[in-house]
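# Observations on the three-dimensional arrangement
Residues per chain are reported as follows:
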2 protein chains.
Amino acid sequence: MSLEKTLSQIDTDLPDSLDRLFELLRIPSISTDPAFAGDCDRAADWVVDTLTDLGFDAAKRPTAGHPMVTGSAGDGGIHLMFYGHYDVQPVDPLDLWNEPPFEPKIQDTPNGKVIRARGANDDKGQFMTFIEALRAWKAVNGSLPGRISVFFEGEEESGSPSLVPFLNAHREELSQPDLVLICDTGMFDPQTPAITTMLRGLLGEELTIIGPDRDLHSGMFGGIAINPARVLARIIAALHDDNSRVTVPGFYDGVADLPESIRSQWDGLGFDQAAFLGEVGLSQPAGEAGRTGLEMVWARPTCEVNGVWSGYTGDGFKTVLPSRASAKISFRLVGTQDPLAIRESFRQMVQDLLPPDCTVEFKDHGAAAASVMSTANPIFEKARAALSDEWPRPAAFIGGGGSIPIAGHFKDILGLDSMLIGFGRDDDGLHSPNEKYDLESFHKGIRSWARVLDAVYS
Amino acid sequence: MSLEKTLSQIDTDLPDSLDRLFELLRIPSISTDPAFAGDCDRAADWVVDTLTDLGFDAAKRPTAGHPMVTGSAGDGGIHLMFYGHYDVQPVDPLDLWNEPPFEPKIQDTPNGKVIRARGANDDKGQFMTFIEALRAWKAVNGSLPGRISVFFEGEEESGSPSLVPFLNAHREELSQPDLVLICDTGMFDPQTPAITTMLRGLLGEELTIIGPDRDLHSGMFGGIAINPARVLARIIAALHDDNSRVTVPGFYDGVADLPESIRSQWDGLGFDQAAFLGEVGLSQPAGEAGRTGLEMVWARPTCEVNGVWSGYTGDGFKTVLPSRASAKISFRLVGTQDPLAIRESFRQMVQDLLPPDCTVEFKDHGAAAASVMSTANPIFEKARAALSDEWPRPAAFIGGGGSIPIAGHFKDILGLDSMLIGFGRDDDGLHSPNEKYDLESFHKGIRSWARVLDAVYS
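Definitions and limits used
- Counting restarts for each chain, with residues numbered from 1 along the sequence as it is written.
- Here every chain gets a letter starting at A, and every ligand a number starting at 1, in the order they are written.
- Only residues with pLDDT of at least 70 are given local features in this predicted model, and only at 80 or more are side-chain atom pairs given and counted; all residues enter the totals for whole chains, interfaces and linings.
- Numbered from the N terminus, helices here are DSSP runs of H or I no shorter than four residues, and strands are runs of E no shorter than two.
- Computation of the radius of gyration draws on C-alpha atoms alone. For the globule rule, the value is 2.2 Å times the number of residues to the power 0.38.
- Partly exposed residues are those falling between the two cut-offs: more than 12 but fewer than 20 other C-beta atoms within 10 Å of their own, whereas 20 or more means buried and 12 or fewer means exposed, with C-beta atoms placed from the backbone.
- Two residues form a contact once the distance between their C-beta atoms, set from the backbone, is within 7 Å.
- The copies were overlaid with a least-squares fit restricted to C-alpha atoms from residues scoring a pLDDT of at least 70 in each copy.
- Side-chain classes are defined by residue name, with Ala, Val, Leu, Ile, Met, Phe, Trp, Tyr, Cys and Pro counting as nonpolar, Asp, Glu, Lys and Arg as charged, and the others, Gly among them, as polar.
- Just so you know, the domain bounds were taken from an automatic or database domain assignment.
- Confidence per residue, as judged by the predictor, is encoded in pLDDT with a range of 0 to 100.
- At least two DSSP bridges between two strands are needed for those strands to be called paired.
- Comment: axis = line fitted to C-alpha atoms, over the contacting stretch for helices; angle = value between 0 and 180 degrees taken between N-to-C directions.
- In a helix, the anticipated span is given by 1.5 Å times the number of residues less one.
- By definition, the arc is the one covered by directions from the helix axis to the C-beta atoms.
- An angle below 35 degrees is read as roughly parallel, one above 145 as roughly antiparallel, one from 65 to 115 as roughly perpendicular, and any other as oblique.
- Crossing handedness follows the turn of the near helix against the far one: under a right angle anticlockwise gives a left-handed crossing, and clockwise gives a right-handed one.
- Consider a residue and the seven residues that end there alongside the seven that start there; fitting an axis to each set, the bend is the angle between those axes.

Per the secondary structure count, chain A includes 14 helices and 18 strands. Relative to a compact globule of 458 residues, whose C-alpha radius of gyration would be 23 Å, chain A shows 23 Å and is just as compact. Overall, the C-alpha framework of chain A stretches about 80 × 50 × 50 Å when taken along its three principal axes. When burial is assessed residue by residue, chain A has 55% of its 458 residues classed as buried. Pairs at least 24 residues apart make up 77% of the contacts formed inside chain A by residues separated by at least 6 positions.

Following this line, the structure appears as structure tokens:
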């Protein structure tokens, strides 16, 4: 009956679990902005202290960027390694937040209570479900259920530049575990827990088109001087055809059609496309013609503009002919698409589209292939059953549209498979203003991990 | 010999003239940014004080925006009204300035000494050539040469929203003069002074494409959700055809081919297109196929992107799918193109290009038709001769690519013709970082006005 006691302990301890999460949420650990480097370091220290308190030999490990946190504790059974990230996304546009993003609070909503803060879901709220499950387990049983290692990074939201060097440098130490657990994904819906077994890869590119050697007066030079903002618009417009297919040469190499078995499983999930789109003010899928909504977000590659800027963008009007125009563009990748080949083809395509007198500068913002998990290990079925015990509907193996490149790196560098279990919801506002995590996700997420640990170690 | 004495007085007084100009240049009167409203007011006060000192009954006149300054002085002869604007362009990107923009200084360059500051040319340096000519005239002769009124505004760089209402409200008072003088244009080249007789109009538009009702995670929604940054790029790309002609329906209504007489006069000016473009790092004209360079900048209409922004534009990378994308777009107009008809056609074209689930919001940033000056008044030939006396080469009647909508408003509302004489050079960096005005432009500009006044009133 130790599981029942652990679940009861989790219920009793929930207010304190929340206090601990709120401490962490108050640290503005925005990894992409150098102004917050000190806060990232504070968040790493907080994680070390928390793990040490649970008996881990936790340590902050320096990198060229933000530090990693590693540690191990417990004995026996399968050796699990849990991965999370303590950094968060930027908060702009700040004026769209209804509450300060780093002052977490519980709020009532029509769908129940939510934890409101940047990082409430991604990934602080999510990884704390695992930490709090360990805490409850130890409180009831006096020790952890088996050998457990942890690995936290602080650069997940900025392309993880230090990750591959760190894994390579510490390969022997880090390849000891048998399987990686990652809590950075969502449920299929609020009733249906999920294990995510397909994840898209991500290629990040920034380009700057340069024309005149300085900003010009559009009256004096307009009509005779090339305008880089217009050149950039034509390039962006050329990246998709009229059926929303990406036009970068060779882009679809390695993209297979969905196997019939997976397609029928997904069709059976009852995906409510109208509700999914309606939640964010849309009504029609904008992806490739002839694909289902779940294919578009889980199984098809994309090319998206994440940011554009050129010229005068303040109040009022300035009749400037800008000297440069920039965009941040990301590609979501599937199957065996090769990120580096696509980067090269994209850059060549841009070069080929440049008119006379224009040059282009590129900046590399990371590249990771898609991940397709092996579900052959029986632990997947054990976990699925454990999750099904906690939630109203049975757990499903699903795809994920977001990229978690770490799973690919664990496989490629350490030889480790990953199992991705998370409790996010579609309306959590990841990367958006007013991010939240349902109190139910947090509470039942902790309980879910206790059940999974019990299933794995018993 | 009073003219010779006045010219000599101008030469002697030049250091003090510069001191007075520098006082004005130190006031950061950026009209488009509300943060500088107090500075605009200080600049207006400075102009009032300066005019009062010269015997004008000068007054600051309130508007819904920044104040006007008006005044009159002197008696007899043709009644001239001088127009200038005391506001300046914004200074961003500030990091491209080699010196603080509001700390004017004299600098040596390979082409001679220059006055370096925001507004050194546009329009503070330019209008001070007229003021200082009046000052010298009065010092030598004890009075002004005839009846002279002045009219200054502080919103020229932000679309002049208060101008038309003010002219309408004070039509009787302001229509008393016989002719308007405007000093806000350039020479043809450093040896050739010019009277500008054709000016392009300006239509300013801002559009915001709105898709999802909030910023989305590009992993979760990328591929199924419409991306407004991509929609905006397609709209901007559609505004020109492959020959750089503007595609807005009806855009070329009212655009006539250049009369042969003007074309041959311009061909005779010896425009050095390679040098004009080379000065700003370009080599090839990017305008309509089959047009000369001077046509492109003086006689053909344009559509330019002055600013674009969407999504995440900071350091690093953020995989956001933005909810909105904006652009500031301006049209330079010629002949009898109708700005309001073009605005309507542009907005309809954008609406027609919108995909499902997208909406657009427009913001009006002003509309003014092109101006074509009447040169029938003999004062034009008198001024041309006076300018030819001061400079190495004879003065020419030329076109101007920039817009000075005020000339059109003076004609339409007050019934007044304008004569545009200015001393700017192509490399002055109007609206750009490191704006300058040649010391020779300032000095010989003052002398030029003294000669023009002498020719007009003798």
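Mapping chain A onto chain B leaves a residual RMSD of 0.1 Å; the transformation is a rotation of 180° accompanied by 0.0 Å of translation along its axis. Taken together, the turn and the small shift mark the pair as related by a two-fold rotation axis. An overlap of 100% is found between the interface residues of chain A and their copies at the interface of chain B, pointing to a shared contact surface.

What follows covers the interface of chain A and chain B. When the parts of a complex come together, some accessible area is lost, and that lost area is often used as the size of the interface. On the chain B side, the residues contacting the 77 residues of chain A number 77 residues. Going through the elements one at a time, β10 (216-217), α6 (218-221), α7 (228-237), α10 (293-299), β11 (302-311), β12 (320-321) and β13 (324-333) of chain A are the ones with two or more residues in the side of chain A that touches chain B. The biggest single contributor to the side of chain A that touches chain B is β11 of chain A, with nine residues. Residues belonging to the side of chain A that touches chain B are distributed by class as follows: 30 nonpolar, 33 polar and 14 charged.

Moving on: the domain arrangement of chain A. All names here are of chain A. With domains assigned, chain A is organised as domain 1 (2-200 + 370-457) and domain 2 (202-255 + 301-368). At the junction of the two partners, domain 1 supplies eight residues and domain 2 supplies ten residues. Residues belonging to the side of domain 1 that touches domain 2 are distributed by class as follows: two nonpolar, five polar and one charged.

Let us now look at the confidence of the model for chain A. Of all residues in chain A, 99% attain a pLDDT of 70 or more, and the chain-wide mean is 94. As a predicted assembly, this complex carries a pTM of 0.73 together with an ipTM value of 0.72.

Let us look at the pairing of strand β7 (residues 179-182) of chain B. Alignment of strand β3 (residues 80-85) of chain B against β7 of chain B, held across four bridges, turns out to be parallel. Bridge assignment links Phe 82 of chain B to a residue of β7 of chain B, and that residue is Leu 181 of chain B.

A few words on the environment of Lys 318 of chain B. Structurally, Lys 318 of chain B is set in the loop between β11 (302-311) and β12 (320-321). Judged by the 27 C-beta atoms lying within 10 Å of it, Lys 318 of chain B is buried. Separated by 260 residues in sequence, Lys 318 of chain B and Ala 58 of chain B place their C-alpha atoms 55 Å apart. When neighbours within four sequence positions are excluded, Lys 318 of chain B is seen to be in contact with Thr 32, Gln 89, Pro 90, Asn 306 and His 431 of chain A together with Tyr 312 of chain B.

The next subject is the sheet that holds strand β5 (residues 112-116) of chain B. Residues and elements named next belong to chain B. Reading across the sheet, the three strands line up as β4-β5-β18 and stay open at both edges, with antiparallel pairing between neighbours. Each edge of the sheet is formed by a strand with only one pairing partner; in this case those strands are β4 (105-109) and β18 (436-438). The sheet shows a mean angle of 35° between the axes of neighbouring strands, direction not considered. For β4 and β5, the ladder comprises five bridges, and the chain directions are antiparallel. The residue of β5 that forms the bridge with Ile 106 is Ile 115.

Residue and element names in this part refer to chain A. Taken in spatial order, the three strands make up an open sheet running β4-β5-β18, and their pairing is antiparallel. Here the strands that pair on one side only, and so sit at the sheet edges, are β4 (105-109) and β18 (436-438). This sheet shows a mean twist of 35° between the axes of neighbouring strands, independent of strand direction. Strands β4, β5 (112-116) and β18 of the sheet are contacted by helix α14 (residues 439-457), whose axis makes an angle of about 90° with β5.

With an omega of 0°, the peptide bond between Asp 122 of chain A and Asp 123 of chain A qualifies as cis. When you line up the elements, Asp 123 of chain A lands in the loop between β5 and α3 (124-141). For Asp 357 of chain B, which is not glycine, the phi dihedral falls at a positive 75°. Take Asp 357 of chain B: it is sitting in the loop between α11 (339-353) and β14 (359-368). Taking the C-beta count within 10 Å as the criterion, Asp 357 of chain B has 20 such neighbours and is therefore assigned buried. With a phi angle near 60°, Asn 434 of chain B is a residue other than glycine that sits in the positive phi range.

Residue and element names in this part refer to chain B. With twelve residues, helix α12 (residues 379-390) extends 17 Å from end C-alpha to end C-alpha; this agrees with the ideal 16 Å at 1.5 Å per step. All buried positions along α12 are accounted for by Ala 383, Arg 384, Ala 386 and Leu 387. Seen from one end, α12 has its buried residues packed into an arc of 165°, which puts them on one side.

Axis angle and axis distance: for two packed helices, these are the angle between their axes and the distance between the axes, and together they describe the pair. Residue and element names in this part refer to chain B. Closest axis-to-axis distance for the α12/helix α14 (residues 439-457) pair is 8 Å, and the angle between their directions is 140°. With respect to α14, the element α12 is oriented oblique. By crossing handedness, the relation of α12 to α14 is classed as right-handed. Each of Ile 379, Lys 382, Ala 383, Ala 385, Ala 386, Leu 387, Asp 389 and Glu 390 in α12 lies in contact with α14, whose residues at this interface are Lys 444, Arg 447, Ser 448, Arg 451, Val 452, Asp 454, Ala 455 and Val 456.

All names here are of chain B. Topologically, Ala 117 is positioned in the loop between β5 and α3 (124-141). Measuring from C-alpha to C-alpha, the distance between Ala 117 and Pro 433 comes to 8.9 Å, with 316 residues separating the pair along the chain. Apart from residues no more than four positions distant in its own chain, Ala 117 is found in contact with Leu 25, Pro 101, Phe 102, Pro 104 and Glu 435.

Once that is clear, we can look at the pairing of strand β9 (residues 201-210) of chain A. As judged from the ten bridges shared by β9 of chain A and β13 of chain A, these two strands associate in the antiparallel manner. Note that in β13 of chain A the partner of Ile 210 of chain A across the bridge is Arg 324 of chain A.

Turning to the environment of Gln 126 of chain A, a few remarks are in order. Residues and elements named next belong to chain A. Position of Gln 126 relative to the elements: it lies in helix α3. Spatially, the C-alpha atoms of Gln 126 and Glu 206 are 30 Å apart, while their sequence positions differ by 80 residues. Beyond its immediate sequence surroundings of up to four residues, Gln 126 is in contact with Asn 121, Cys 183, Asp 184, Gly 422, Phe 423 and Gly 424.

What follows is about helix α1 (residues 2-25) of chain B. Residue and element names in this part refer to chain B. Bending of α1 peaks at approximately 60° at the position of Asp 13, with proline Pro 15 no more than four residues after it. All of the buried residues in α1 are Thr 6, Ile 10, Ser 17, Leu 18, Leu 21, Leu 24 and Leu 25. Taken together, the buried residues of α1 touch α2 (37-53), α3 and α14.

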